[in-house]
Amino acid sequence: MSTAAVSSAAPRKGADVTMTVLRRIGVFALTVWVASLVVFTLLNVLPGDMARAQLGMNATDADVASFRAEHGLDRPLPVQYFDWITGFLTGDMGISYSSRAPVAPQVFDALQVSLILVGAGILIAVLIALPLGTLAAVRQNKPDGVLLSAVSQAGIAIPNFLAGLLLISIFAVGLGWMPSGGWTAPAEGFGDFLRQLALPALALGLVRGAILSRYTRAAVLDVMRDDFMRTARAKGLMPGAALRRHGLRNALVPVVTVTSVEFSALVIGAVVIETVFVIPGLGSLLMRAVDNRDLIQVQGIVMCVVVLVLLVNLLVDITRTLIDPRLRSAR
Amino acid sequence: MNDADAHSSAGLLEISGLEIGTSSTRLVHGVDLQIGRGERVGLIGESGSGKSLTLLAAMGLLPENLKVSGSVRLDGEGELLGASERRMASVRGSRMSMVFQEPMTALNPLMRVGEQIAEIIRLHQGVKGQPLQTQVLELLDSVKVPDPARAERAYPHELSGGQRQRIVLAMAMANQPDLLLADEPTTALDVTVQKQVLELMGDQVRQAGSSLLFITHDLGVVASICDRVLIMRHGRIVESGPLQTVFSDPQHPYTRGLLAASALETDQQTGRLMTVGAVGQEGRQQGGPGQSGLGQTGPQQEQTGPQQEQAGPASGAAPHEVSSEEPQTFDQAAIFNQTDAEPLLAVREVRRTYGRAGLFGGGRQVQALRGVSFDVRAGQRFGIVGESGCGKSTLLRILTGLDEATSGSVEVSGQEILGKKERQLRWLREAVQIVFQDPMGSLDPRMRIEDVVAEPLRGASREERRSRVEALLEEVGLPRRAADRCPHEFSGGQRQRIAIARALITRPKILMADEAVSALDVSVRAQVLNLLDDLVRDYDLTMLFVSHDLQVVRHACDTVAVMNAGQIVECGPADVLFAQPQHSYTASLLESIPRVAG
């Protein structure tokens, strides 16, 4: 029986990875579909008529009827859903109720901005969390380790927008080193782009980094207590080498998992930060669309955010599979 | 074998005056220990005796919060206590190496096995590339891992426990160390695997000319591999000498008690198991508070008659049955221990298949039970033995209605319990109770003992609950005031008593014990077995005792069924079955038990 365990598992390794990835992608597609149903249902079935919401309470029935006809809202809901979701998959999110322009180009423009902001935020968070969390764990009983712990604990308590306002008041208003807001596309001026990106990305990344560093510290502490770390020392590895060769990769598994959760929080945090720093991202667009009661646009933006978060979760799942061979088999 | 005295001139490791403690308590009190070249020394003690700490101190791997003083000298290296980390690192894995207890967690789960072995060679010998690869494969071959080329590429989770322990041994022996330190290396393994690993370890050490310091609580294991032993208790070495002398003529009362308890010796007069306290009354019981000696405080001890007599009436008629050695007998499995009268428990053709259909097909199926049929009569003590994975735990879960069988029938007092809804099984929850293996994990840490024990009582007044709990606690040998405490305040043996009290509060007909004494020290084990013995009689219980430990089952049960690969292969009266095993599997199991007296 034990012999069979080796012989059956070893040669199928590549196949196991592929199967696991395929299964994850299948689950991803399923989740996207369910999410699209939820988003569509929420916005269309819940009380309040799309046309009424757009035209206001004073609109005549005739106005409403013609609006509904113009935007295809008079068709049965399943047809509308099918139309919307097939359009979404081909990059067509319908025509805006308020601006009468196609929704998709606006969303994609804003999405690019938000992706840059969120990407920079998560990058800052990870760059802060991994080294500081590891250090705080390794030196848990030393003064510097305790100080790091305390600082990260304080960081967790600060909300995103407050961090943003603090950064603005110090670096933009007080010292005048950075602009207090606005956005320049990288192609139009890379220097300005970086200067304007710095503060919002920091506001997002610092807080997430503080939280992530707590997880990193906990994960590294856990790993340092593991039996195989003692084995590594018993082999003759110095403590630092044991941690580098055996510890960190093991600690990475839970950290990567938490990073995906943190990413979702970061996307939501970005909506607020974009407002604070006047950045034309998805968050700002969403706020405007809600203000305009432009439900078709809201629907497109929300769906985009959902896909984005699910996509990151998928990538994280696949990354975990690559790190940890135990997740590869079907068991 | 080697004569212990011959080695004393060529000392390899010399530990003297070793003291280890936290800031408040001292855990090891002035231990002296010498190991000669090529000598194989066993360090024996129960949990908390300080044996593992002594070994970790020798390796310089004690946890940082412990203070250590004294001297640890390795021939050619000088003093190791207080040596720099760099110097210790160069000694570890090359001159001294170590095999750990838990093969499941001792290896890095994310690194291929071959690389983990290669690492220790590269580290100390600087070998690289093809020669290194060749050396790794040779090592894997030498520890008898099947198909070394494949094993080298495997991750630890793809190997069985026994194979992983071979890998750990291969790592430890990779640089032909002068001294191998082994900390309970076979405790987590099945007996048959344990035997193989012990033989392998003996061979490896002999071939490399290494010395061995072997830590264990199991005297039988020590007897099979060591030539000199040290008995450790409460941080002190209480007795030492050549194995034959110590085991045949123990001087210290604790050694005598330990020997009696681990051999499950019974008192000639009472038929009860000898406990460490009963043999060696030192007046100083340090273990857990009130842990030792509690076995004697159990009620109705006076009535205890000889063991065999009680077992007599129930087991007298049990026939000795053996299943065919042919593997294909699934279609018509025999009904073991069948009775003409109505059995209390009737199990018929129970099968359990695990497995799941994959999202993209390709589900894997495991047959945990492949048609199990037997009867248990009221008042019987029915033992089920087998190695890990044989299906005994699955069977127990099905019998208690905690798991569903794939097919088959289980009747308790003539009532079918399979395929019933939880609501319909309320009577079963009262009639059948279980004591689980892990006394640490099976009690809710946030509940007071009173609530733990009284939880199954429904609709009883507060006073009634309290008085019944207190009465039961006394019966299992715990003070009444224990009711107000929480589980973490008790030792393992005491928690198992609490678990037994919880099981008995519903006044069940059947008590199921799932490896109930496997996690306990031998001296505590004897006490808990004595307690079970009393309670089974006092409460007119029928007992189903599941264990991997054949000796324990032999003592605790009158009828025994041996399971292998999801089937019962042999069943009969305990005495007969152990004396004359008919099935080859039973014979090999019995053959593998390490024995104290050779």
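From a predicted model like this one, the values you see are computed outputs, not experimental measurements.

Parameters and conventions
Residues numbered from 1 in each chain as written. Chains lettered and ligands numbered in written order. Predicted model: local features only at pLDDT ≥ 70, side-chain atom pairs only at ≥ 80, totals over all residues. Heavy atoms only, no water. Helix = DSSP H or I, 4+ residues; strand = E, 2+ residues; numbered from the N terminus. Buried < 20%, exposed > 50% of the residue type's maximum accessible area, 1.4 Å probe, protein only. Contact = heavy atoms within 4.5 Å. Salt bridge = Lys/Arg side-chain N within 4 Å of Asp/Glu carboxyl O. UniProt positions renumbered as here; feature names shortened; annotations may be inferred. pLDDT = per-residue confidence, 0-100. Buried area = accessible area lost by both parts, 1.4 Å probe. Polar contact = N/O pair within 3.5 Å; in protein donor to acceptor, adjacent residues only side chain to side chain. Expected span 1.5 Å × (residues − 1). Bend = angle between axes of the 7 residues up to and from the residue. Pairing = 2+ DSSP bridges. Axes fitted to C-alpha atoms, helices over the stretch in contact; angles between N-to-C directions.

1. Remarks on the overall build of chain B
Check the secondary structure of chain B and you find 21 helices and 21 strands. Within chain B, buried positions represent 56% of all 598 residues. By sequence separation, contacts in chain B at least 24 residues apart represent 68% of the contacts at least 6 residues apart.

2. So, the side chain of R502(B)
One can find R502(B) in helix α17 (residues 492-504). Non-local contacts of R502(B), meaning those with residues more than four positions away in its chain, are made with Q433(B), I434(B), V452(B), V453(B) and P456(B).

3. Observations concerning the pattern of salt bridges
Summed over all chains, the structure comprises 42 salt bridges over all chains. For R139(A), the salt bridge is made with D144(A), and the minimal N-O distance between the two is 2.6 Å. Looking at D144(A), the relative accessible area reads 32%, which means it is partly exposed. A salt bridge links R320(A) to D317(A); the shortest N-O distance between them is 3.8 Å. Of the two residues, R320(A) and D317(A) both sit in helix α13 (residues 295-323), 3 residues apart, roughly one turn of that helix. Through salt bridges with shared partners, one network takes in R448(B), E450(B), D451(B), R465(B), R466(B), E470(B), E474(B), R480(B) and D484(B).

4. Section: the UniProt feature "domain: ABC transporter" (unreviewed entry) in chain B
As annotated by UniProt and renumbered to match this structure, "domain: ABC transporter" (unreviewed entry) occupies residues 13-259 and 345-590 of chain B. When the span residues 13-259 of chain B is considered, its composition is 40% helix and 26% strand, and the gap between its end C-alpha atoms is 27 Å.

5. A closer look at the UniProt feature "domain: ABC transmembrane type-1" (unreviewed entry) in chain A
Mapped onto this numbering, the UniProt entry annotates "domain: ABC transmembrane type-1" (unreviewed entry) at residues 111-320 of chain A. In the segment residues 111-320 of chain A, helix accounts for 84% and strand for 0%; the C-alpha atoms at its two ends are 27 Å apart.

6. Considerations on the confidence of the model for chain A
Residue and element names in this part refer to chain A. This prediction gives chain A a mean pLDDT of 83; 93% of its residues lie at or above 70. Mean pLDDT values for the elements of chain A range from 39 in helix α1 (residues 2-9) up to 93 in helix α10 (residues 227-235). Predicted confidence is poor over residues 1-11, with pLDDT under 50, and the contacts of this stretch with residues over four places away or in other chains come to 15 contacts.

7. Regarding the UniProt feature "transmembrane region" (unreviewed entry) in chain A
Residue and element names in this part refer to chain A. Those places that UniProt annotates as "transmembrane region" (unreviewed entry) correspond, in this numbering, to residues 21-43, 115-138, 150-177, 197-215, 252-283 and 295-316. Here residues 252-283 is 84% helix and 0% strand, with 31 Å between the C-alpha atoms at its ends. Secondary structure across residues 295-316 divides into 100% helix and 0% strand, with the first and last C-alpha atoms of the span separated by 31 Å.

8. Considerations on the interface of chain B and chain A
With 41 residues of chain B in contact, the opposing surface of chain A contributes 39 residues. Of the roughly 3,600 Å² buried between chain B and chain A, counting both surfaces, carbon and sulfur atoms make up 59%. K235(A) is the salt-bridge partner of E119(B), the closest N and O atoms lying 2.6 Å from each other. Where chain B packs against chain A, one counts 13 residue pairs in polar contact (both at pLDDT 80 or more). Listing elements by their share of the side of chain B that touches chain A, those giving two or more residues are α1 (51-59), α2 (85-91), α3 (113-125), α5 (148-153) and α6 (161-173) of chain B. Among the elements that make up the side of chain B that touches chain A, the one with the highest residue count is α3(B) (7 residues).

9. With respect to helix α9 (residues 190-224) of chain A
Its 35 residues place the ends of α9(A) only 43 Å apart at the C-alpha level, less than the 51 Å of an ideal helix rising 1.5 Å per residue. Maximal helix bending in α9(A) amounts to about 35°, located at A198(A); proline P200(A) follows within four positions.

10. Observations regarding the sheet that holds strand β3 (residues 40-44) of chain B
Residue and element names in this part refer to chain B. An order of β6-β7-β8-β3-β9-β10 is seen for the 6 strands of this open sheet, with the pairing classed as mixed. Unpaired on one side and paired on the other, β6 (96-99) and β10 (236-242) mark the two borders of the sheet. The mean angle between the axes of side-by-side strands here comes to 15°, regardless of whether they run parallel or antiparallel. Pairing of strand β7 (residues 179-183) with strand β8 (residues 211-216), which is carried by 5 bridges, proceeds in the parallel orientation. Following the sheet pairing, L179 is matched in β8 by S211. Packed on one face of the sheet, α6 meets β6 and β7 and runs near 175° to β6. Sheet contacts for helix α10 (residues 253-262): β3, β9 (228-233) and β10; angle to β9, the most-contacted strand, approximately 105°.

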